[in-house]
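Chain by chain, the residues:
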Amino acid sequence: PPAMKTKIRGCTSLRMKRVRISGWVHRLRRQKGPTFIVLRDGTGFLQCVLSDRLSQTYDALTLATEAAIQITGLVQEVPEGKSAPGGHELIADWWGVLGAAPSGDDAFSNRLNAESEGNVLADNRHLALRGEVAASVLHVRAGVLSAFRKVFEAHNLTEVTPPCMVQTQVEGGATLFKFDYYGQPAFLTQSSQLYLETCLPSLGDVYSIQESFRAENSHTRRHLSEYTHLEAELAFITFDELMTHIEEVICEAVSMVLAVPRLAAMLKQLHPEFQPPKRPFLRMSYKNAIKYLNEHGIQRKDDETGRFVDHTVGDDIAEAAERQMTDELGVPIFLYGFPKEIKAFYMKKIPGDEAFTESCDLLMPNVGEIVGGSMRIADMDELLAGYKREGIDPAPYYWFTDQRKYGTCEHGGYGLGVERFLAWLTNRYTVRECSLYPRWPGRATP
Ligand code: 4AD
Ligand code: MG
C-alpha cells in the first residue's frame, strides 16, 4: 500500500522528526509486547508501533480496527529485513483514541469481510470504501478526471456545466427518468450533448463532466442508472478529425495519470498487465464488423424464435457479441458508420451512403463500448426529418433547432462513460466498482 503523504501538523518530512498524526486503524496486531498499527489517513498508510507500556493503557483495551486515533512519536526507517509502507514506521511516545469503533458482533471485520458479496457489500458501500482496492480505484478516478480536464484545457476546450433537469431527450425515450417539475413533465438528463452544441458559437469547443441518467432495466456489468458522463463538442471538424481527437484525448489522459507516481503504483496493483493503448486505434466499419462476427461464428439471439442466427447489416450489435469481438482482437477499436435506424435522430449521414451515419463507438477490451460519438446534422431540413423519423415532437427542441438557423456549421462530439473508462483502466469486473455510490435498478442506497 502507498505511504502516507505528510499531512502532519508542523512538519514537512516524515523522516526522523517528532510528528503528530491522526488517522484510522487499518490493521491491528497485538503481540505480547508491542502493538503494531497500520494507520490510514486516506492519503496512504503508516505503520505505528506502540511499546509494551503504551499497549497497557485503558484505550488499548477497547482499541479496534477503524477507530480514529492520534499518535505522536518519531518516524524512523524500518530495520532491515522488515517491511512497512514507504519503508518507515512511527515509534509512538503518546497516543489516544479520538473516535472509538465497535468490537464484537458490530466490529468492522464482522460487518464486512473478504467473503462479503452482493447485497452485503452494496448495503455497506460506506464501509467498503475504506478498503484498499476501493480507495485505490477512487484515487485513480480522481486522477483521471483531473487528467481529462488538463488535456481538454491543452486542446482549448472550455468546461461548461449544463443542467441535469431537462425537457428534451437525447438517446431515446425508453431510458428517460421522468418526474414532475412544478406540474410539468421533465426528465433527468441522458446526455448534455444538445446543450454543448449550443455553446459552440459562444465559447468554441466545449466539454462537460456531468452525471447522466438512464432508466435502463439492465443488470449488466457495464450499466448504471446514474453515471458520470464526460462529453465534448467540437466545431468545424470532419468525422476523421473527430476520431483522431478522441484517440488523442484518451491516450494523453492515460499518460498523464501514469506520470503521477502514486497513481501509477496504484494502477500497477489494480491492473498489473495494463499497457497504454497504441495509436492509431484500429478503425473498423460497422459493415466489416458484421462480416467479422459472421466469419468468427459470433451470433445473435433472434428475438422472435429465440434461436442463435448470423448477423445481417442493419442489426444492432448486442453487448455480448461486441465484447467477444473486442476481447478477441484485444485492442481498442473504433467501430464506425452505424445504420441510421439504430442510432439517434441527430446523427449526420455518410455522404453518398445515406443509410449509414458518421457515428463511432470506441470499444475497449474487457468492457466494450466506452465512448459513443458522431458528427451532427448541420442542415435544418435534415434535422426536422430526423425528429419525424424518431417520432419526436420538435416543439420543445426549438432552441436546439435554432442552432441550424443562426450560423450552422459542421460539428461533432462524443460522450465517454467515466466508470466504463475506469473499468477498462483498472481492470474491474463491473462499473459498479468504479462509482462512489453506484446506482442500478432497485439500488439508490446508501
Ligand atoms: O452512447 P451514448 O448513449 O451517447 C450519448 O449519450 C451521446 N449523446 C454522447 C455525445 O455524443 N455527447 O453514451 C455515451 C457513453 C457510452 O459510450 C458509455 O460509455 C456511457 O456513456 N454510458 C453508460 N455508462 C454506464 N451506464 C449506462 N447505463 C450508460 N449508458 C451510456
Ligand atoms: Mg452508445
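Residues numbered from 1 in each chain as written. Chains lettered and ligands numbered in written order. Predicted model: local features only at pLDDT ≥ 70, side-chain atom pairs only at ≥ 80, totals over all residues.

### Let's talk about the overall build of the protein chain
Helix and strand counts for the protein chain come out as 13 helices and 20 strands. In terms of overall dimensions, the protein chain has C-alpha extents of about 85 × 50 × 50 Å along its principal axes. Scored against the burial criterion, the 446 residues of the protein chain give a buried share of 37%. (Helix = DSSP H or I, 4+ residues; strand = E, 2+ residues; numbered from the N terminus. Buried ≥ 20, exposed ≤ 12 C-beta atoms within 10 Å, placed from the backbone.)

### Overview of the packing of helix α5 (residues 132–154) against helix α8 (residues 261–270)
The interhelical angle for the contact between α5 and α8, taken along N-to-C directions, is 130 degrees, at an axis separation of 10 Å. When the axes of α5 and α8 are compared, the pair comes out oblique. Two packed elements cross with a definite hand, and for α5 against α8 that hand is left-handed. In contact with Ser 136, Val 137, His 139, Val 140 and Gly 143 of α5, α8 contributes Leu 263, Met 266, Leu 267, Gln 269 and Leu 270. (Axes fitted to C-alpha atoms, helices over the stretch in contact; angles between N-to-C directions. Parallel < 35°, antiparallel > 145°, perpendicular 65-115°, else oblique. Left-handed = near helix turned anticlockwise from the far one by under 90°. Contact = placed C-beta atoms within 7 Å.)

### Observations regarding the site of ligand 1
The local shell around ligand 1 holds 25 residues, among which Ser 191, Gln 193, Gly 372, Gly 415 and Gly 417 are the closest. Every element with two or more residues in the shell around ligand 1 is listed here: β11 (226–235), β19 (368–375), β20 (411–417) and α13 (418–426). (Near = placed C-beta within 6 Å.)

### Brief notes about the UniProt feature "domain: Aminoacyl-transfer RNA synthetases class-II family profile" (unreviewed entry) in the protein chain
In the numbering adopted here, UniProt assigns the feature "domain: Aminoacyl-transfer RNA synthetases class-II family profile" (unreviewed entry) to residues 138–438. When the span residues 138–438 is considered, its composition is 34% helix and 24% strand, and the gap between its end C-alpha atoms is 12 Å. (UniProt positions renumbered as here; feature names shortened; annotations may be inferred.)

### Topic: the sheet that holds strand β8 (residues 177–181)
Pairing is antiparallel in the open sheet, where three strands are placed in the order β7-β9-β8. Both outer strands of the open sheet, β7 (165–166) and β8, are each paired with one neighbouring strand and no more. Note: β8 against strand β9 (residues 184–188), five bridges, orientation antiparallel. Bridging from a neighbouring strand, Phe 177 pairs with Leu 188 of β9. (Pairing = 2+ DSSP bridges.)

### Details of the confidence of the model for the protein chain
Of all residues in the protein chain, 97% have pLDDT values of 70 or greater, and the mean over the chain is 93. Scored by ipTM, the complex comes to 0.99, with pTM at 0.95. (pLDDT = per-residue confidence, 0-100.)

### A closer look at the sheet that holds strand β1 (residues 18–30)
Reading around the barrel, the five strands line up as β1-β2-β3-β5-β4 and close back on themselves, with mixed pairing between neighbours. The average angle at which neighbouring strand axes cross in this sheet is 55 degrees, direction not considered. Pairing of strand β2 (residues 35–40) with strand β3 (residues 45–50) involves six bridges; the strand directions are antiparallel. Bridging from a neighbouring strand, Arg 40 pairs with Phe 45 of β3.

### A few points about the domain arrangement of the protein chain
Assigned domains within the protein chain: domain 1 (18–106) and domain 2 (126–434). Using only C-alpha atoms to locate each centre, domain 1 and domain 2 end up separated by 46 Å. (Domains from an automatic or database assignment.)

### Some details on α8
Where α8 is concerned, the buried positions are Leu 263, Met 266 and Leu 267. Along α8, the residues classed as buried sweep out an arc of 100 degrees about the axis, all on the same side. Opposite the buried face of α8, by more than 90 degrees, sit the exposed residues Pro 261 and Lys 268. Residues of α8 that are buried sit in contact with α5, α7 (239–258) and α13. (Arc of directions from axis to C-beta.)

### Notes on the packing of α5 against α13
Running from N to C, α5 and α13 point in directions that differ by 120 degrees, and their axes come no closer than 11 Å. Comparing their axes, α13 and α5 come out oblique. As α5 runs across α13, the sense of the crossing is right-handed. On α13, the residues touching Val 137, Val 140, Arg 141 and Val 144 of α5 are Phe 421, Leu 422, Leu 425 and Thr 426. Of the residues contributing to the contact of α5 with α13, the split by class is six nonpolar, one polar and one charged. (Nonpolar A, V, L, I, M, F, W, Y, C, P; charged D, E, K, R; others polar.)

### Focus on the pairing of β8
Of all five residues that make up β8, zero are buried, and the element is exposed over most of its length. Hairpin connection, β8 to β9: the antiparallel pair is bridged by two residues, and Tyr 182 has positive phi, about 50 degrees.

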